[in-house]
Amino acid sequence: DAGITQSPRHKVTETGTPVTLRCHQTENHRYMYWYRQDPGHGLRLIHYSYGVKDTDKGEVSDGYSVSRSKTEDFLLTLESATSSQTSVYFCAAGTSGVNEQFFGPGTRLTVL
Amino acid sequence: GENVEQHPSTLSVQEGDSAVIKCTYSDSASNYFPWYKQELGKRPQLIIDIRSNVGEKKDQRIAVTLNKTAKHFSLHITETQPEDSAVYFCAASSSGAGSYQLTFGKGTKLSVIP
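Residues numbered from 1 in each chain as written. Chains lettered and ligands numbered in written order. Predicted model: local features only at pLDDT ≥ 70, side-chain atom pairs only at ≥ 80, totals over all residues. Heavy atoms only, no water.

Engineer: Could you give an account of the layout of surface pockets, naming the residues involved and the relevant values?
Structural biologist: Counted as a void, the largest pocket has a volume near 780 Å³. Along the wall of the largest pocket there are 32 residues; nearest its centre are Gln37 of chain A together with Gln38, Leu40, Gly41 and Val87 of chain B. At the level of secondary structure, the elements contributing two or more residues to the lining of the largest pocket comprise β4 (31-38), β9 (87-94) and β11 (107-111) of chain A together with β9 (86-96) and β11 (108-113) of chain B. No other element matches β11 of chain B, which puts 4 residues into the lining of the largest pocket. Size it by volume and the second largest pocket reaches roughly 440 Å³. The wall of the second largest pocket is formed by 21 residues, among which Glu59 of chain A together with Glu2, Asn3, Thr103 and Phe104 of chain B lie closest to the centre. (1 Å grid on protein atoms, 1.4 Å probe; cavity = no way out; pocket = protein on both sides within 12 Å on 5 of 7 lines; lining within 4 Å. Points joined across faces, edges and corners; volume = space filled by probe spheres on them. Helix = DSSP H or I, 4+ residues; strand = E, 2+ residues; numbered from the N terminus.)

Engineer: Break down the packing of aromatic side chains for me, citing the residues and quoting the values.
Structural biologist: Taken as a whole and judged by the stated rule, the model has 15 aromatic pairs over all chains. Measuring from centroid to centroid gives 4.7 Å for tyrosine 25 of chain B and phenylalanine 33 of chain B, while their planes differ by 45°, and the two rings are tilted. Judged by its relative accessible area of 7%, tyrosine 25 of chain B is buried. Through a chain of ring-to-ring contacts, the aromatic side chains of Tyr33, Tyr35, Tyr48, Tyr50, Phe90 and Phe103 of chain A together with Tyr36, Phe89 and Phe104 of chain B assemble into a single cluster. (Phe/Tyr/Trp six-rings, centres within 6.5 Å; stacked < 30°, edge-to-face > 60°. Buried < 20%, exposed > 50% of the residue type's maximum accessible area, 1.4 Å probe, protein only.)

Engineer: Which residues make up the state of the cysteines, and what are the values?
Structural biologist: In a disulfide, the sulfur atoms of two cysteines are covalently bonded to one another. Scanning all chains against the criterion turns up 2 disulfides over all chains. Each sulfur in the disulfide pair cysteine 23 of chain A and cysteine 91 of chain A lies 1.8 Å from the other. Across the S-S bond of cysteine 23 of chain A and cysteine 91 of chain A the torsion is about -70°, and the bridge reads as left-handed. Residue cysteine 23 of chain A is located in strand β3 (residues 19-25), and its partner cysteine 91 of chain A is located in strand β9; the two are separated by 68 residues in the primary sequence. Of the two residues examined, cysteine 23 of chain A and cysteine 91 of chain A, each falls in the buried class. Each sulfur of the disulfide joining cysteine 23 of chain B and cysteine 90 of chain B lies 1.9 Å from the other. With the S-S bond torsion at -100°, the cross-link from cysteine 23 of chain B to cysteine 90 of chain B turns out left-handed. Residue cysteine 23 of chain B is located in strand β3 (residues 19-25), and its partner cysteine 90 of chain B is located in strand β9; the two are separated by 67 residues in the primary sequence. Judged by its relative accessible area of 0%, cysteine 90 of chain B is buried. (Disulfide = S-S within 2.5 Å.)

Quick look at the structure:
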């Protein structure tokens, strides 16, 4: 499993509430990524990080923010959750963007 | 940005037959093309990858081919087994802001019928 964990694994929340998902890795990977997975859309990149405090937007970044204060942790925050953010969120990490990305187990988020 | 198209979206094959999944990409600068397998309820896992300086790569029953001129690459699974049933994703790399990001296709659900 390449030492990548996500928490929580499941969460149900209400529209308008803030939500933070955590990704933790133990392999000292430089690059970390947040994806969302929805039926018919595959895996879409939300944000990624190429080092501590270095982050950039992906394809579907609206409504999401990220932070990376330590190599091992990458946080994804939904400032005010909406029903359209109901999804399965995967974190990934790797040594570079052109090598294998190792995925975490995923977080299933439901926004009511 | 990069755009990756993947076909077919679903594929059913008899056990023992071959399966082929095809992807096209738009950015001629892309140089890394991985394939991930995702079993139901599990995380995606890399099964094979290819770089732009190679035309074909094999690993037991799995092979990937790359045509840079046409900007397409394909996954070939021979002698399929029930445990090959899963969703397969292709991806292509593109550069940006000092790092690289993967753009994924929408996936192919492969069903191997015993």
